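Coordinate inspection notes
This is what each chain is made of:
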Amino acid sequence: MQLHSLKIRNYRVLRKVDLEFGDAVIGIIGNNGVGKSSIVEAISWALYGHQAARSARDEIKSSYAAASDNCEVTLDFSIKGESYRVTRSLIGKRERPEVQLFRGEASESVGVTETRRYVGELLGLDWRGFLTSFLARQQELNALSDLPPARRRDHLAGMLGIERLDRVVARVKEEARLDREKAELLAPRLLDCDRISARIAELSLERSNLTRTVAELDAERSQSEKALRQTTIQYTKLQETRSVWSQLTAQMAAMETSHRQLRQRLVQLRAEADRLSGQAGEADSLKGRITELPVLKRCLDDLRATRGQLDLHQQLTTQLSELVTERKDLRQSLTMIRIESGSLKKELDGVPSDIEGQSDRVGQKLEEAREEYSRCRGQGVAVTEQISKLRMQMEQIANLGPDSTCDRCLRPLGDDLPSIRKHLNEEMGRLAQQDNEASQQLNTLKAEGALLKEESTRLQASETRQRELQIKQESLAKNDSELVRREEEISQRLADVTSRLDKVGPVEYDPEQFSRVEKQVSSLEDDEKSLNQLLGALARKPAVEKEIGDIKASIVRLDHELADSKEERESLDFSDKRFEESRSKFEEAQAKLEKVRGEFVAGSTKLEVMAKELESQGERLDDLNKIREQVDQLRDDQYYEQKLGSLFGEFREYLVSRIRPTLADFSSRLISEMTDGRYSMVELDDKYNLRLLDASQFYGIDRFSGGEKDLANLCLRLAISLALTESAGLDRSFIILDEVFGSQDSNRKELILSALCNLKQRFPQIILITHIEDIRDQVETLIEVVPDGDGWSRVEVHGHG
């Protein structure tokens, strides 16, 4: 796998990076924390996503980027002559993940899951295998020798992918265990086979006997239905005769009831006719008394009209007095409003017309002064923190002394200690002067701010008073207009009331006369009402006389119909005894049929249930036969899975026995080149302890210095990468070494670089990440990461080999 280009946008501290990768030894340098490792990390993130990053998804996009900006990495690479491009992005404010991979110009995968699967198949490595194959870090090199033997063996097995074979063995053993448990769980169910077979034979015999019984019941049911039909015919005829007899009896009872009611009505009508004859004289007397009623009604109407005129005169007089008083009050209120309006105008004229503009300008100056004060205070805090940090550094350097080493690059301080102290003292003086200047500026800004705040408060109060006066003046003007309109309205109403009062004039009214006439009219109206009631009753007299004649005729007709009905009923040949005997025979035949039907239905139902049980037992027997086959299959699977687990275990031991010599051979060649022949051979024992050949004898790695130990671990780590990339089918590839120089001196570093150059046939692209500056002239391409000062870092590329 070869890298061609990398484009980064808003990834961690990298705003915009565009890199081209050739076949060369590439150095990436810069201070700690500026984003060197972010360049390499972006490569693994583009291929494998968030699982290959050092943090969660919400920490990948740069915190300095705008919310709407996208985080995006595009990687161009090739494998075995095929060109590929993958672009992974976090889109917008919600950081929606998107990824797409192309082979040439054709899209091969879209989406996180599909692309992860495609990359895994393409490289033959998951994200852990990728990082192990292509990336080696200093802390990882130390782990190769510092871990206890058991954990070191597991650590190397994980790096080499052997633990995946261990997982396969464990999975096969687990499947064998599960198959054994399933077979043991299913086997007891096979004990029911004999019991179910016996039950099926028993049910078959019972069904045969029951079938004969149901057939006999069916024949008996047919005979019972025939007997019921015969008794039903006789019973139905008697029911019809009884129905006619009952209808005639009911008709005769109804006729007798009607005859009795007609005679009672005849007696009532004759009494009513006698009463109406006596009321005729009373009506004639009332007619004579009500002759004066029309004249008295006209007189009462005239008196009521006069009383209405008197009431109107009194109402108009009262309204006139109220309107005169209301107009007087309105004129007084109008005078007070105009006096108050004049006073407000004088006070409003005393406020400047541009008071609002003055207040805004002073407010703007006050806000600018506050911002400047906050900025200066922030600078002061930053300077104070820098001074504190410098003091701590000076104390640490004083305690370390010239024989100590740098905690980052591991180089001795030596002769650089005085110059470092001088630089720190100069920086301390500069920062102290900045702190003093910042304090003076803060005091000046604080005094100016107090004056501006006082002026702003005064102007805001004047502006508020001006708005209050304007609102009150508008309200008074509105009230003035309303009072003027109201006064005009009252004056108009006064004129109208005066005019109506003149039209009414003086009114003469006698209350006693009105009461006397009203009583006479009321008494005569009661007599008129009684007369109308008598006349209404007398109007019924002809109808009463006619109804008396009709009732007499109806009584004669009912006598004839009653005699005919009696004769027709006596002609029917019907008795209750014969009817009850026929009904009893019918009910007995019906009961017998119902009993036979019930027994037939019960037998048929039982026959159906028995058939279903037979079917169910047959299905259970079939299921148990299938379970028997399943148990046999599970036991066969268990046997072969146990066999396969043993074979995989033997294969693992074979693989481990082959990989140790291979890693030792690769490591030996590398350490010989990197030490210029000082050490020529590396050995890995059965516990994966790293041993170096020195003076014809192998010694443990802890016997040697820190630099030699780091170098041996680096050679072993490179050997692991070679083994992994070869097993993945990647014959030419790149490798990234992150801070691997450790405590190596300059001569050893040159030998390491020379040895790495000799690996270009196998690793055409070797990327070195380091903060050590003196490799600038020893790499073919230099990529320098420099902070911009605003949180971002920029990338500068120098030279090509």
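Description of the structure in this document. Per chain, the residues get numbers from 1 upward, laid out in the order the sequence is written. The predicted nature of this model means local features are confined to residues of pLDDT at least 70 and side-chain atom pairs, given and counted, to a pLDDT of 80 or more, with totals for whole chains, interfaces and linings taken over all residues. Here the side-chain values reflect all heavy atoms present in the structure, with hydrogen atoms and water set aside.

1. Section: the environment of L534
- Counting from the N terminus, the helices are the DSSP runs of H or I reaching at least four residues and the strands are the DSSP runs of E reaching at least two. One can find L534 in helix α11 (residues 511–538).
- Note: C-alpha distance between L534 and E282 (252 residues apart in sequence) is 8.1 Å.
- Ignoring sequence-local partners within four residues, the contact set of L534 consists of Q279, E282, A283 and L286. Whether two residues are in contact is decided by their heavy atoms: any pair within 4.5 Å suffices.

2. Quick notes on the packing of helix α8 (residues 293–349) against α11
- Following both chains from N to C, one finds α8 and α11 inclined at 140°, their axes separated by 9 Å at the closest point. The orientation of α8 relative to α11 falls into the category oblique. Taken as a pair, α8 and α11 cross one another with a handedness that is left-handed. Across the interface between the two elements, L293, L296, K297, C299, L300, L303, R304 and R307 of α8 pack against Q513, F514, V517, E518, Q520, V521, L524, E525 and E528 of α11. To get an axis, fit a line to the C-alpha atoms, keeping to the stretch in contact for a helix; angles then go from 0 to 180 degrees between the N-to-C directions. The labels follow the angle: roughly parallel below 35 degrees, roughly antiparallel above 145, roughly perpendicular from 65 to 115, and oblique for the rest. By convention the crossing between two helices is left-handed if the near helix lies anticlockwise of the far one by an angle smaller than a right angle, and right-handed if it lies clockwise.

3. What to know about the nonpolar core
- We define a nonpolar core as any set of buried Ala, Val, Leu, Ile, Met, Phe, Trp, Tyr and Cys residues linked to one another through side-chain atoms lying within 4.5 Å. A 1.4 Å probe rolled over the protein chains alone gives each residue an accessible area, and that area as a share of the maximum for its type sets the label: buried under 20%, exposed over 50%, partly exposed in between. The biggest cluster of nonpolar side chains holds 49 residues, and the ones touching the most others in it are M1, L3, L47, Y48, L75, F77 and F130.
- Ranked by the residues each element gives to this core, the list is headed by helix α1 (residues 36–48), at eight residues.
- Excluding residues within four positions of it along the chain, Y48 makes contact with R88, R116, V119, L123, L125, D126, W127 and F130.
- Of all hydrophobic cores here, the second largest spans 41 residues; its members include I29, I720, V779 and L782.

4. Side note on the pairing of strand β2 (residues 14–20)
- When DSSP locates at least two bridges between a pair of strands, those strands are taken to pair. Bridging between strand β1 (residues 2–11) and β2 involves six bridges; their strand directions are antiparallel. Following the sheet pairing, K7 is matched in β2 by D18.
- Hairpin connection of β1 to β2: two residues between the antiparallel strands, including R12 at a positive phi of 50°.

5. Observations regarding α8
- Compared with an ideal rise of 1.5 Å per residue, which puts 57 residues at 84 Å, α8 spans 83 Å between its outermost C-alpha atoms and is within 8% of the ideal.
- By the burial criterion, the buried members of α8 are L293, L296, L300, L303, L316, L323, L330, L334, I337, L344 and L348. The span you would expect from a helix comes to 1.5 Å times its residue count less one.

6. Side note on the side chain of Q765
- Counting through the fold element by element, Q765 comes out in strand β13 (residues 765–770).
- Within 3.5 Å is the distance limit for a polar contact, defined as a pair of N or O atoms, with the added protein rule that one can donate a hydrogen and the other accept it, and that residues adjacent in sequence qualify only through two side-chain atoms. From its side chain, Q765 meets the backbone oxygen of L3 in a polar contact 2.6 Å long.
- In terms of polar contacts, Q765 uses its side chain to reach the backbone carbonyl oxygen of G22, at 3.3 Å.
- Ignoring any residue separated from it by four or fewer positions in sequence, one finds Q765 in contact with Q2, L3, F21, G22, D23, A24, S733, F734 and I735.

7. As for the pairing of strand β5 (residues 82–91)
- Relative to β5, strand β4 (residues 71–79) runs antiparallel, the two being bridged by nine bridges. The partner of E72 across the bridge, within β5, is S89.
- Counted along the chain from β4 to the antiparallel partner β5, the turn is two residues long, and its residue K80 has a positive phi close to 55°.
- Looking at chain direction, β5 and strand β6 (residues 96–103) are connected through eight bridges and run antiparallel. Residue pairing for β6: L90 is matched across the bridge by P97.
- What sits between β5 and β6 in their antiparallel hairpin is a turn of four residues, with G92 showing a positive phi close to 70°.

8. Quick word on the pattern of salt bridges
- By definition, a salt bridge exists where a carboxyl oxygen of Asp or Glu is found within 4 Å of a side-chain nitrogen of Lys or Arg. Taken as a whole, this structure holds 29 salt bridges when the rule is applied.
- Its salt-bridge partner being E367, residue R370 comes within 4.0 Å of it at the nearest N-O pair. With R370 and E367 both in helix α9 (residues 355–400) and three residues apart, the pair spans about one turn of that helix.
- Looking at R370, the relative accessible area reads 44%, which means it is partly exposed.
- We note a salt bridge from R678 to D694, for which the minimum N-O separation is 3.1 Å. Here R678 is found in the loop between α13 (576–674) and β9 (682–684), whereas its partner D694 is found in strand β10 (residues 690–694), with 16 residues between them in sequence.
- R678 sits in the partly exposed class, given a relative accessible area of 44%.

9. Observations regarding unusual backbone geometry
- Of note in this structure, K80 is not a glycine but carries a positive phi near 55°.
- Within the fold, K80 resides in the loop between β4 and β5.
- Positive phi, normally seen in glycine, also occurs at E95, with a value near 55°.
- Mapping E95 onto the fold places it in the loop between β5 and β6.

10. Details of the sheet that holds β10
- The strand order across the open sheet built from three strands is β9-β10-β11, with neighbouring strands paired in antiparallel fashion. Edge positions in the sheet fall to β9 and β11 (697–700), since each of these pairs with one other strand and no more. Pairwise comparison of adjacent strand axes, ignoring direction, gives a mean angle of 35° for this sheet.

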